[in-house]
Amino acid sequence: MTVKLWEAHNLSPRVQRLREEYWSFYERDYYRNEVMAFGSGAPWDELYAPYNWGVVPEVFPFMQGFRETAKAMAEPVELPPHFYRLSLAERRAVFFNRVLEKHLPAMVLEGELIVGSHFNTALSKTLDQKESARWVKQTYAWLDRLLETHNSGIGNAGAVPGHIIPNYRKVLKVGFKGILEEVEARISRETDREKLAYLNALKLSVEAPRLISRRYVEAVDAALAEEKSEERRGELKQLRNIVSRVPYEASRTFWEALQALWFTHMLIMAAESYPGPGLSYGRIDQYLYPFYRRDLEEGRLTRDFARELLHCFWIKHNYAYDYQGRCARNQGINSSFGQLITLSGCGPNGEDLTNDLTMLMLEVIEEMNLLEPKPNVRLHKNSSPALLRKVAEMIKNAQGAPFLLNFDELSMKGLVFEGVPPEEAWDYAPVGCLENTMQGNDRSGTVDVNLNLAKAVELALNDGRDMKSGRRLGPATGDPLKFAGESDFLNAFYRQMDFILERIVDLASEADRLRSLYDPVPYLSLLVDGCIDKALDVNRGGAVYNFITVEGVGLATAADSVAAVRQLVYRDRTISMERLLNALRTDFNTDETLRQLLINRAPKYGNNDPFADEVARELSRYWTEKVITMRSPATGRRFRGGYLSWNYWIAYAPLTASTPDGRVRGQALSNGVCCVNGVDREGPTAAVLSVGRLGLESAPNGASHTMSFNPSFLRDEEHLEKFIAFLRAYNETGGTALQINMIDPQTLIEAKKNPGAYLNLLVRVTGYNAYFVHLGPEIQEEIIRRAAHAI
Amino acid sequence: MRKVGEGWGGSLPSNMDTLTATIFNIQPMSTEDGPGIRTTVFMKGCNMRCLWCQNPEGLAARVHLVHDTLRCIGCRTCLNGCERGAISDSGSGYKFNRGCALCLTCAANCPARAIRVIGQTVGVEELVQKLLRDKPFYDQSGGGVTFSGGECLLQHRFLTAIMPRLKGAGIHVCIDTAGHIDPPVFQAIAGQADLVLFDLKIMEDRLHRQYTGVSNALILQNAAWLGRAGIPCWIRVPVIPGYTDSEKNLRGIALFLKENMPSLARVDLLGYNDLCANDYAMLDRDYPLAGTPRVAESAMLHFQEIMAQSGAGMVSISNYQKGE
């Protein structure tokens, strides 16, 4: 083993046991948080919505199977009389409450200090017969469109749950009781029947947290009846007190606040039937800090007990993975759900908000060595030296993987670009991985749409047709052999870009429409500012800020391709269009010389090359500035751009023809805003400067940038300081988000060969961390290549 | 006294009298050549021939070509395109014979970048612009630019011109030198630098001549001047097993430093590595130290202790075999 791998440490025996219990999926027959389906019992019942999973191509072939399985598995829920006379939102609220009251198991695990066991559900859509028929027809027609768009390599889209920061602050402050008062006051001002029905659904949903409290009081009582240890009995009695109060009442202590958060959070996952992707906490070190400080000051809490509470809180989130426990060792890219927490960051006047809880949470992350909750640390020009030092040390000790870094100044510019008032932008937080949103009032549909930018190159060079099938996809922009010059080529490229953008936005808009009509989530809507005011569900555009984010994939591949054609074909005239087209159609099989020319002689983004960087910037600005003008007609949500690119740089590799940057069909596309792997000859500082040149404020979602460093880069104190300075300079010159892999290629190669010895090895992929040995072989190879190219 | 550039095998770059330099690499994000994050400029030509030379492509002052067989795809564009017929296929890589006029056409046309031009000519302004690029990184880290080599002081006129330009732009400038240089020239340049990285290798002159090709007299003279003049300086000692790593030698260096450079900021002990073996292969040279083992951590720690007696502010060790 070449490096000392990051592993769990400093855990109490209780926490150690709880952590091991989590990892023993196959052994814990008494408790698995696997999906439980609950149906209406009607023959037309539907539980599975393909548009919720429209961005996960890996599951496309299984969707019909999931649909049928969920129906067959569903435990029927007894419904009140005249159920179908209620509005759909009211039906959802009533149904959900029934499930919580009578069906969803509630369990207290040995020794745990935060409770709440089962939350993975598949819930009935509670449609009546007519609605169901319409829904099925429209949804499956949409699915056909999705498959066509995906298979043509253009991209994918869905209406994805999660990916939001609920107003947890408010829950801690006023409890659901306070929210109920707000709903009632709103009802008293309303006369419209439809709105009143919706407000009634919200009111019914306030029952959910009370029901869960009741269930867990019973569960704690059951545990108490069995418990012999006086110490544990004392804890259980305290717990009983806590769960009986929160989250309905406002929280009074740190412990209550953590329990309130977990109940509130887990119920959202249950209500949306989605195991957590992107359901994020926002600035948790800020809103929990007053509880923490007061308890410490008043002697109710020690720092060590706070640590243990956080350990227990942390473990709960990982049970989301029981969702796919049966395919655990082969989770591919899906090994990260992204219940994101945000730490540190600036205040309204640019001041640093790092506090002792920030530091304690960083320690907890280091000690737990678990995937969830995923941390994102906000840095800015006034970040405290102590924070930066801790961050650098953790990157050193944990192969770079414990968190993602978000850079405030540029991120805030992006939010102002989309319309957030400048005086509010400081209190933003990312969801999922690095997708910037506001807290508690914003559904930005991050990762709802994924667009393969490199496809526009293929279409421009083939008159709008797919190069393999010959099928027409985009407009006929002409035979490239007849292009009079560079501008004809560029026109063709941008027209094809318009086409793929419009196509993907249409697909997303239809998913958004279907969800807005058939998928209200009143429980979540209680927690998103704007929904009560407007008496409008979060899925119908009820939030204050409503966006759908288009994540661009393959930016550098597209930019390098455009730059290569412009430079080598039209400016230098060193290669003819004819030769280029022949080579692309035959995947360079007979013209390796040309491929080498394209790799070695064309300008490449990522090297601070003025021409290539300008091509990339122009491309990025073009589509991001266009997309922000587009809207989803059904909900009025605006589209916005970003670069997460998740795993699609692998998924769309075989569906994208060979490209003029010298990439052969099947080779990975570029990811996030990274340059094409291996072309960065000018070193990491140039790569950072190129990212900075993109003008990323027009991509408010933010952009994934991954850098790999050799561990020797951080070998001693002196180099640690240099690395901290590098991060400060990145904040000044680079992108919105950075993830770092600090690993040598030898370790990765060994881990691929001998996974058993490397189960703990976490790496960063594209905006998220994952256990290396759980990744698919293509992605493993790609990460090894990146590490080999590290400084 | 030897004159600059008269060391055996050395010759001055042909462009010595104009304000251009011949360099063979610009390395951004360098973290090993002085404080902070730096850009290191490797200048071509050296007047010493240390057996363990880590940058053999910097030895010759003139520009030359090498063929990288790993990158070559065998398209023969170079062979067919050379008007002088100066390239031949030796069976184990291409050779460039005396007919080569350094027109560089072959390198420019090679699709695979398999013909590397070792050495490029660069003007003062052009280089300043390149070096300014990373200023945000220098500023945040207390870094800057380091001129290394080869022996950068062989191109002292270029340094004389470029150093004030860089310093005027607020950039910290280091020179990294072996010190085998005419003292007036040495003093003129070192006096302008913000920091001098100065190599000391062997104290016994007989061995110094044997392993580096030159006497250490000038080197020690220049080092002593640095001490007297109080120029900020880091001493760098390559720890080469069998050559520089005797206890006697290291104690000799420590003693010299204590006597001559009482306010020395720092000594770096740099363990031997063979990362340069590939470069020798590409240059078609034998690597004299092939098979030499890396230095063990315990040995480095011992040497660090010895060097601490020099009274230097800090003694760092790097590049050794961890554990036993």
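The model shown is predicted, which means the values in this text are computed figures rather than measured ones.

### Thoughts on the overall build of chain A
Part 1: Looking only at helices and strands, chain A features 28 helices and 17 strands.
Part 2: Projecting the C-alpha coordinates of chain A onto the three principal axes gives extents of approximately 80 × 65 × 50 Å.
Part 3: Here chain A holds 791 residues, and the buried ones make up 68% of them.
Part 4: Put simply, chain A has 93 plus and 102 minus side-chain charges, and the middle of one group is 3 Å from the middle of the other.

### Quick look at the overall build of chain B
Part 1: A tally of helices and strands in chain B yields eleven helices and 13 strands.
Part 2: Over its C-alpha trace chain B gives a radius of gyration of 20 Å, about what one expects of a compact globule, namely 20 Å for 324 residues.
Part 3: In terms of overall dimensions, chain B has C-alpha extents of about 60 × 45 × 40 Å along its principal axes.
Part 4: Looking at the 324 residues of chain B, the share that counts as buried comes to 54%.

### Regarding the domain arrangement of chain B
Residue and element names in this part refer to chain B.
Part 1: Each assigned domain of chain B is listed with its residue range as follows: domain 1 (20-60 + 124-318) and domain 2 (64-118).
Part 2: Domain 1 and domain 2 are separated by 33 Å when their C-alpha centres are compared.
Part 3: Listed by partner, the interface residues are seven residues for domain 1 and seven residues for domain 2.
Part 4: Between domain 1 and domain 2, the buried area comes to about 570 Å², and carbon and sulfur atoms account for 66% of it.
Part 5: It is Lys44, Met282 and Leu283 in domain 1 that bury the most area against domain 2; as a group they hold 65% of the surface buried on that side.
Part 6: In this structure, the connection of domain 1 to domain 2 is made through one salt bridge.
Part 7: With a shortest N-O distance of 3.1 Å, Lys95 and Asp284 are connected by a salt bridge.
Part 8: Linking domain 1 to domain 2 there are two residue pairs in polar contact (both at pLDDT 80 or more).
Part 9: Of the residues belonging to the side of domain 1 that touches domain 2, the class tally is four nonpolar, no polar and three charged.

### Concerning the packing of aromatic side chains
Residue and element names in this part refer to chain A.
Part 1: Inspection of every chain in the model, using the stated rule, returns 42 aromatic pairs over all chains.
Part 2: On the numbers, 5.1 Å between centres and 55 degrees between planes, the contact of Tyr22 with Trp23 is tilted.
Part 3: Relative accessible area serves as the criterion here: at 8%, Tyr22 is assigned to the buried category.
Part 4: Residue classification places Trp23 among the partly exposed positions, given a relative accessible area of 36%.
Part 5: With a centroid separation of 6.0 Å and 85 degrees between ring planes, the pair formed by Phe709 and Phe723 is classed as edge-to-face.

### Topic: unusual backbone geometry
Part 1: Between Val246(A) and Pro247(A) the backbone carries a cis peptide bond, its omega angle lying at 10 degrees.
Part 2: Along the chain, the position of Pro247(A) falls in the loop between α8 (230-245) and α9 (254-272).
Part 3: Of note, the phi angle at Val447(A) is positive, near 70 degrees, even though the residue is not glycine.
Part 4: Of note, Val447(A) is situated in the loop between β10 (442-443) and β11 (449-452).
Part 5: Residues other than glycine seldom take positive phi values, yet Arg113(B) does so here, at roughly 55 degrees.

### Brief notes about helix α26 (residues 717-733) of chain A
All names here are of chain A.
Part 1: For α26, built from 17 residues, the straight-helix expectation of 24 Å at 1.5 Å per residue is met to within 8% by its first-to-last C-alpha distance of 24 Å.
Part 2: In terms of burial, α26 is a largely internal element, twelve of the 17 residues being buried.
Part 3: Taken together, the buried positions of α26 are His719, Leu720, Lys722, Phe723, Ile724, Ala725, Phe726, Leu727, Ala729, Tyr730, Asn731 and Thr733.

### Considering the confidence of the model for chain A
Part 1: For chain A, the average pLDDT comes to 94, and 97% of its residues sit at 70 or higher.
Part 2: Every residue in residues 329-335 of chain A scores below 50 in pLDDT, and together they form 24 contacts with partners more than four places removed in sequence or on other chains.

Conventions used here
- Residues numbered from 1 in each chain as written.
- Chains lettered and ligands numbered in written order.
- Predicted model: local features only at pLDDT ≥ 70, side-chain atom pairs only at ≥ 80, totals over all residues.
- Heavy atoms only, no water.
- Helix = DSSP H or I, 4+ residues; strand = E, 2+ residues; numbered from the N terminus.
- Buried < 20%, exposed > 50% of the residue type's maximum accessible area, 1.4 Å probe, protein only.
- Lys, Arg positive; Asp, Glu negative; His and termini not counted.
- Charge placed at Lys NZ, Arg CZ, Asp CG, Glu CD.
- Rg over C-alpha atoms; globule rule 2.2 N^0.38 Å.
- Domains from an automatic or database assignment.
- Contact = heavy atoms within 4.5 Å.
- Buried area = accessible area lost by both parts, 1.4 Å probe.
- Salt bridge = Lys/Arg side-chain N within 4 Å of Asp/Glu carboxyl O.
- Polar contact = N/O pair within 3.5 Å; in protein donor to acceptor, adjacent residues only side chain to side chain.
- Nonpolar A, V, L, I, M, F, W, Y, C, P; charged D, E, K, R; others polar.
- Phe/Tyr/Trp six-rings, centres within 6.5 Å; stacked < 30°, edge-to-face > 60°.
- Expected span 1.5 Å × (residues − 1).
- pLDDT = per-residue confidence, 0-100.

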